[in-house]
Each structure stands twice: as C-alpha cells, then as structure tokens.
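Coordinate inspection notes
Residue-level listing of the chains:
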Amino acid sequence: MIKKKAMLIDITLCVGCNACQVVCKEENGLMEGEEQRLSATAYTALNEYDGTYVRRMCQHCDDPTCVSVCPVGAFTKTAAGPVLYDENKCIGCRYCMQACPFQVPRYEWDSTYPRVQKCKFCAGRLERGLQPACAEACPTGATKFGDRDELIKEAYERLQAEPEKYVQKIYGLEEVGGTSILYISSVPFEQLGFKTTMSKVALPTLTWNALSKIPSVVAVGGVFLYGVWWITNRRTEVQQLERKLKEMEEGSNGQGTLN
Ligand code: SF4
Ligand code: SF4
Ligand code: SF4
C-alpha cells in the first residue's frame, strides 16, 4: 500500500530565506524573481508577520474540493498525496479557484492558452524517490518531507517537548478533513493569516450532500459545461487552423505547408 506523504512546516524554524520559492521556480520552469503572493508563476510564497515567516502553497487536501467541483476531472488526488492538474482536460471554467477553501489555484490570465497553476507537490520527484525540491533546499529544516503519519507523530513530539514554545495545535491535521501540508507554530495561527474556524469535515462531502438534493442542477449543469468544453475546443481548433493558413499565406511562393 502506498504511504501518504506530507510536509511538516515548522514556522518557528523558518528564517525567510526564500530558498523554497527560488528552487520551486527552477524546478517548474517558472519566471524568475521574488514574489510575495501565490501567482501563476509562484507556487509558493512567503508572508511575513512581524518577523515571523509563513510559507503559503497548495495544501494538497486529503479530500480536495477542487477535485470534486471540476466537471471534467482535470484535478485528481493521488494515493501518495499530490493533487494534480491536467491542462489537456481543463475547460477553463475556474470552478476550482472559487471552490478552494485556501484560495490557492491561480489562472494564467495573460496567456493565449491559459492554464490553472498551483504547487504540484513535485509529484515527478516523488515518483523517482526524491523529496520535493523545496524541502530539499530548506536550510533549516523548516520544511520537512516524509510519511504523513510519521510527521504527525514528530509534530506532536515537538509540541510536547516544548509546550511553552509551541501553540498546541497541528494545522492541517483536521482542517477540511486533513491536508498533506501540516504546520506548527509559536504564534497563534489566527494571527498568521490562517483560517482557524474551518470545517473538520471534508468540504466535498458537504457540497455533494447539498447538490444531491437538487439533482436537476447537477444534470443541467453537466450538459451546459460539456457544451462549454465542446465550444472551447472547437474555437481552439479553428484558431490553430487560421494561424496555419496565415503562415501559409506569409510563406507565399508555395513554400508553406499545412501539416
Ligand atoms: S488547497 Fe485548494 S487547490 Fe490545493 S488541494 Fe486543497 S482545495 Fe485543491
Ligand atoms: S512541492 Fe514542489 S511544486 Fe510544490 S512548492 Fe515545493 S518545490 Fe514547488
Ligand atoms: S527555504 Fe525553509 S527557511 Fe527558507 S523561507 Fe523556505 S521554509 Fe523558510
């Protein structure tokens, strides 16, 4: 059985060096340059609160709302933990962006063929037996990768070893049914921009319980979204054909080819 992976972020150990963001951009071929907020080119970003640094990134929820609301299955939750996105399936409805309880997914608004962007938990590296690039790069151990069960145990041990230092809570243990990114802190989480009144139940359970009471909404919505997907894809095909015809015209003297 595949063991569920996680990252434990010990906020007390983070020195704000930003190595996690730098290496993440390298690993994912994203535009260079320091960014203070999550964006289509920043899968992780640091927020500072009076000298305390907090990494933001996709939480890789155990039962993700983005997966449950996506009408075409562009988001999937893998057994090891990463929540992945398939740009070839995406129809650009951006339901995931509205549904995510942590406001994580970002959209490539400036792109001709926009995609949703967010942390991939370095799924390719995990498959090769490596840890995520950000965990490997972190010089202080503030970001630690491992088996989720083991990291939860370790987090409890740290809280118990220094009760005067740590807030007695592991953020992500129960929030929205549990997440793969876990935090411990010496500053109350609500003072660091964390939502602390979130449901302990996975949100898809709640949304589908509500939707199941109005099945016509699901049926009509599904047909409508399939229509949007069909139109979007047809439009893309037409645009590609038009571009190729234009290239043929420009390459006059019979040099252009329609391949
Ligand atoms: S944090 Fe948001 S984008 Fe990430 S898995 Fe959870 S619901 Fe999806
Ligand atoms: S897990 Fe990988 S993709 Fe996610 S923030 Fe870390 S380096 Fe970036
Ligand atoms: S690399 Fe580690 S210490 Fe540096 S900002 Fe990221 S989490 Fe903090």
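Residues numbered from 1 in each chain as written. Chains lettered and ligands numbered in written order. Predicted model: local features only at pLDDT ≥ 70, side-chain atom pairs only at ≥ 80, totals over all residues. Heavy atoms only, no water.

As a structural note, the neighbourhood of ligand 2 is formed by 14 residues, with C24, R55, C119, C122 and C134 the closest of them. Among the detected pockets, ligand 2 sits in the largest cavity. Listing elements by their share of the shell around ligand 2, those giving two or more residues are α1 (19–28) and α5 (133–137). Considered class by class, the residues forming the shell around ligand 2 number ten nonpolar, two polar and two charged. (Near = heavy atom within 4 Å. 1 Å grid on protein atoms, 1.4 Å probe; cavity = no way out; pocket = protein on both sides within 12 Å on 5 of 7 lines; lining within 4 Å. Sits in = over half its atoms within 2 Å of the grid points. Helix = DSSP H or I, 4+ residues; strand = E, 2+ residues; numbered from the N terminus. Nonpolar A, V, L, I, M, F, W, Y, C, P; charged D, E, K, R; others polar.)

What follows is about the pairing of strand β1 (residues 5–10). Two faces make up the sheet, and in a regular strand the side chains alternate between them. Across the six residues that make up β1, a large majority, five, are buried. Note: β1 against strand β8 (residues 143–147), five bridges, orientation antiparallel. When the bridges of β8 are listed, M7 appears paired with F145. Pairing of β1 with strand β9 (residues 181–184) involves four bridges; the strand directions are parallel. Each bridged residue has a counterpart across the sheet, and for I9 the counterpart in β9 is Y183. (Buried < 20%, exposed > 50% of the residue type's maximum accessible area, 1.4 Å probe, protein only. Pairing = 2+ DSSP bridges.)

Further remarks concern empty space enclosed by the protein. A probe matching the size of a water molecule, rolled over the atoms, marks out where space remains unfilled. Under the definition given, this model contains five cavities of 30 Å³ or more. A volume near 120 Å³ is recorded for the largest cavity. Taken together, 14 residues make up the lining of the largest cavity; nearest its centre are C24, M57, C119, C122 and C134. For the lining of the largest cavity, a count of residues per class yields ten nonpolar, two polar and two charged. Estimates place the volume of the second largest cavity at around 90 Å³. Around the second largest cavity, the lining is made up of 14 residues, and of these C58, C61, C66, C100 and V104 lie nearest the centre. Its residues placed into classes, the lining of the second largest cavity shows ten nonpolar, three polar and one charged. (Points joined across faces, edges and corners; volume = space filled by probe spheres on them.)

Not every one of the 14 residues close to ligand 3 is listed here, only the nearest: C14, C17, N18, C20 and C138. For the shell around ligand 3, the class distribution of residues is nine nonpolar, four polar and one charged.

Taking 1.5 Å per residue, 14 residues should reach 20 Å; helix α6 (residues 148–161) reaches 20 Å between its end C-alpha atoms and fits that length. When we look at burial in α6, the residues that qualify are R148, L151, I152, A155, R158 and L159. Seen end-on, α6 carries its buried residues on one side only, within an arc spanning 120°. Exposed residues on α6 whose side chains face more than 90 degrees from its buried face are D149, Q160 and A161. (Expected span 1.5 Å × (residues − 1). Arc of directions from axis to C-beta.)

Taken together, three strands build an open sheet; the order of strands is β8-β1-β9 and the sheet is mixed. The open sheet terminates on both sides in strands that have one partner only, identified here as β8 and β9. Averaged over all pairs of adjacent strands, the angle between strand axes in this sheet comes to 25°, irrespective of strand direction. Packed on one face of the sheet, α6 meets β1, β8 and β9 and runs near 130° to β8. (Axes fitted to C-alpha atoms, helices over the stretch in contact; angles between N-to-C directions. Contact = heavy atoms within 4.5 Å.)

As for its placement among the helices and strands, F102 is situated in the loop between α3 (95–99) and β6 (106–107). For F102, a relative accessible area of 19% corresponds to the buried category. For F102 and C58, which are 44 residues apart along the polypeptide, the C-alpha to C-alpha distance reads 7.7 Å. The contact partners of F102, leaving out residues within four places of it in the chain, are Q59, C61, Y171, V176, T179 and M198.

Our next topic: unusual backbone geometry. For D50, which is not glycine, the phi torsion reads 50° and is therefore positive. Of note in this structure, Q103 is not a glycine but carries a positive phi near 50°. Here Q103 is to be found in the loop between α3 and β6. For Q103, a relative accessible area of 45% corresponds to the partly exposed category.

Okay, the pattern of salt bridges next. Applying the stated rule across the entire model yields 14 salt bridges. With a shortest N-O distance of 3.5 Å, E87 and R115 are connected by a salt bridge. Here E87 is found in the loop between β5 (83–85) and α3, whereas its partner R115 is found in the loop between β6 and β7 (116–117), with 28 residues between them in sequence. The partly exposed category is assigned to E87, whose relative accessible area is 43%. Accessibility expressed as a relative area gives 30% for R115, which makes it partly exposed. It is possible to trace a salt-bridge network through shared partners that takes in D10, K144, E154 and R158. (Salt bridge = Lys/Arg side-chain N within 4 Å of Asp/Glu carboxyl O.)

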